[in-house]
Amino acid sequence: MFEFVGAIHIHSNYSDGTGDVRTIAEIASEVGLDFIILTDHNTLRAKDEGFERMYGNTMLLVGVEINDKENLNHYLAFNVEEAFSTRQLAVEYVKQVKNSGGIGFLAHPHEKRNSMPEHPPFPWTAWESEDFTGIEIWNHMSEWMETLTEENKYNHFIHPLKTIKNPPQETLEKWDELNQKRLVVGIGGIDAHAHKVNLLGFFEVEVFPYKVLFKSIRTHILTEKKLSKQNTTNSNEKNKQIIYNALEKGRCFIANSYYGDAKGFRFVAEVEGKIFNMGETIPLSEKILLKVESSDENSEIKLIRNGKLIFEEVGKEAKFLVNLSGVYRVEVYKENSAWIFSNPIRIGI
Ligand SMILES: [Zn+2]
Ligand SMILES: [Zn+2]
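Keep in mind it's a predicted model, so treat the numbers as computed, not measured.

S.K.: So what about the overall build of the protein? Which residues, and what values?
M.R.: Within the protein one finds eight helices and 22 strands. Against the globule reference of 20 Å for 349 residues, the protein gives a C-alpha radius of gyration of 19 Å, in line with a compact fold. In terms of principal-axis extent, the alpha carbons of the protein reach across some 65 × 50 × 40 Å. Classification of the 349 residues of the protein by burial places 48% in the buried group.

S.K.: Pulling in residues and values, what's your account of helix α1 (residues 21-31)?
M.R.: When α1 is considered as a whole, its buried residues turn out to be Val21, Ile24, Ala25, Ile27 and Ala28. Buried residues in α1, looked at end-on, bunch into an arc of 160°, giving them a common side. In this structure, the buried residues of α1 make contact with β1 (2-10), β2 (35-41), α2 (45-48), β3 (54-55), β4 (58-66) and α7 (210-213). Positive phi shows up at Gly32, right after α1, with a value of about 100°.

S.K.: Can you explain the nonpolar core? Please cite residues and give values.
M.R.: Where a protein is soluble and globular, its nonpolar side chains tend to be buried together. Grouped together as the largest cluster of nonpolar side chains are 102 residues, with contacts concentrated most on Ile36, Tyr75, Ile243 and Leu247. No other element matches β4, which puts six residues into this core. Built from parts of two domains, this core gets at least three residues from each of domain 1 (2-259) and domain 2 (266-347). Not counting residues within four places of it along the chain, the set of residues in contact with Ile243 comprises Phe35, Met59, Leu61 and Ile221.

S.K.: Hey, could you go over the pairing of strand β12 (residues 252-256) for me, with residue numbers and the actual values?
M.R.: Counting buried positions over the five residues of β12 gives five, a clear majority of the element. Residues Cys252, Ile254 and Asn256 line one face of β12 and the alternating positions Phe253 and Ala255 line the opposite face, and both faces are buried. Bridge analysis of β12 against strand β21 (residues 337-342) gives three bridges, and the strand direction is antiparallel. The residue bridging Phe253 from the neighbouring strand is Ser342, located in β21.

S.K.: Tell me about the domain arrangement of the protein, and name the residues and values.
M.R.: Segmenting the protein into domains produces domain 1 (2-259) and domain 2 (266-347). Taken residue by residue, the interface counts 22 residues in domain 1 and 18 residues in domain 2. Mapped by element, the contributors of at least two residues to the side of domain 1 that touches domain 2 are β7 (134-139), α6 (169-178), β8 (185-189) and β12. Tallying contributions element by element places β12 first for the side of domain 1 that touches domain 2, with five residues.

S.K.: Residue-level account of the sheet that holds strand β16 (residues 288-293), with values.
M.R.: Read from one edge of the open sheet, four strands run β14-β13-β16-β19, paired in antiparallel fashion. Each edge of the sheet is formed by a strand with only one pairing partner; in this case those strands are β14 (274-276) and β19 (317-322). If you compare each strand with its neighbour and ignore which way they point, the axes differ by 25° on average. In terms of strand pairing, β16 meets β19 through six bridges, oriented antiparallel. Paired with Val292 across the two strands is Ala318, which belongs to β19.

S.K.: Please give an account of the pairing of strand β20 (residues 326-334) that cites residues and values.
M.R.: Across six bridges, the pairing between strand β17 (residues 300-305) and β20 is antiparallel. Counterpart to Ile304 in the pairing with β20 is Arg329. Across three bridges, β20 lies against strand β22 (residues 345-347) in antiparallel orientation. Across the sheet, residue Tyr328 finds its bridge partner in β22, namely Ile345. Examined bridge by bridge, β20 and β21 share four bridges and lie antiparallel to one another. Paired with Val332 across the two strands is Ile340, which belongs to β21. Connecting β20 to the antiparallel partner β21 that follows it, the hairpin turn spans two residues, and Glu335 within it adopts a positive phi of roughly 50°.

S.K.: Describe unusual backbone geometry, with residues and values.
M.R.: In this structure, His9 is a non-glycine residue whose phi angle is positive, near 80°. The residue His9 is located in strand β1 in this model. Even without a glycine there, the phi angle at Asn231 is positive, about 65°. If you trace the backbone, Asn231 turns up in the loop between β11 (217-223) and α8 (233-249). For Asn231, a count of 13 C-beta atoms within 10 Å puts it in the partly exposed group.

S.K.: Pulling in residues and values, what's your account of the environment of Pro120?
M.R.: In this structure, Pro120 sits in the loop between β6 (103-106) and β7. Each C-alpha atom, one on Pro120 and one on Asp48, is 30 Å from the other, the two residues being 72 residues apart in sequence.

S.K.: Break down α8 for me, with residues and values.
M.R.: Relative to the 24 Å expected for 17 residues at 1.5 Å per residue, α8 spans 24 Å between its end C-alpha atoms, a close match to the ideal helical length. Along α8, the residues classified as buried are Asn239, Lys240, Ile242, Ile243, Tyr244, Ala246, Leu247, Glu248 and Lys249. Looking one or two residues past α8, Gly250 carries a phi angle of roughly 80°, positive in sign.

About the cut-offs
- Residues numbered from 1 in each chain as written.
- Chains lettered and ligands numbered in written order.
- Predicted model: local features only at pLDDT ≥ 70, side-chain atom pairs only at ≥ 80, totals over all residues.
- Helix = DSSP H or I, 4+ residues; strand = E, 2+ residues; numbered from the N terminus.
- Rg over C-alpha atoms; globule rule 2.2 N^0.38 Å.
- Buried ≥ 20, exposed ≤ 12 C-beta atoms within 10 Å, placed from the backbone.
- Arc of directions from axis to C-beta.
- Contact = placed C-beta atoms within 7 Å.
- Core = buried A, V, L, I, M, F, W, Y, C linked by C-beta atoms within 7 Å.
- Domains from an automatic or database assignment.
- Pairing = 2+ DSSP bridges.
- Axes fitted to C-alpha atoms, helices over the stretch in contact; angles between N-to-C directions.
- Expected span 1.5 Å × (residues − 1).

Rendered as structure tokens:
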């Protein structure tokens, strides 16, 4: 299997970001990302204008962040040809994305930020919807703002990466609960805007430069085919389907790259010599061995079953023999901060 690393959930100046699409993509290539997914609010303009292609070593894909008329229920829609109307209920656009062959993820579902009045929280409320592919379980921008206080604001502005510690517990709980019924894929988002904020009253600071955020929360995908760097319409279309397919199947994991390059992390189930990957649902049988590999020997590896910690080990790898059905996933910590979140392997459900 091949592994590719990407950043998801990015705003350009086609909505409320400050960077132009080409510059954003070039920065991503410089930083070493294999793909990025642009998600401007309610517009696919970057796609319509032909920006969906390779830039150096980076494949730029154009999705869209849709909201409803109350500006709630932000939905990251990928592999779609239209932006869908915001004058309808979230359940409707979630369904339309699916029916048109696209995939979609609930953005920052439990957002609670209140430190900046001009950036209110936009939580997900339409939980009756069942047609979404997954959830953005970790959003850099939301966490950064939620932990911002009058006392720590200078530190926060100066160290935008250091302040990211953990996805919201509430989101993880909901994610585990939903996976009891069907596969709900987790992805990570940066929600990059490169906002310019007037910090001390007399000078403007770019709060989240794209370059800095590209070193934060990344989504790694595992694929059977390699991404092509040819940059022809045909090969770019193939790249796009390879990336979206991995996200749809849950063959991916999320990592805060500030704590180290997570490349090489694996979580698989081995049954009689056969390997099953993240995102798969397999029957319960007698000899299922869950195997975790990490790229760092100081990894605090935690195995979670149905939302509960069942096994913990420090090291580069861990093995666990399964005898109960359930939703299994892995969290890896470093220096008391969350580093890697796998997608689940669902067993016997
Ligand atoms: Zn949003
Ligand atoms: Zn956003």
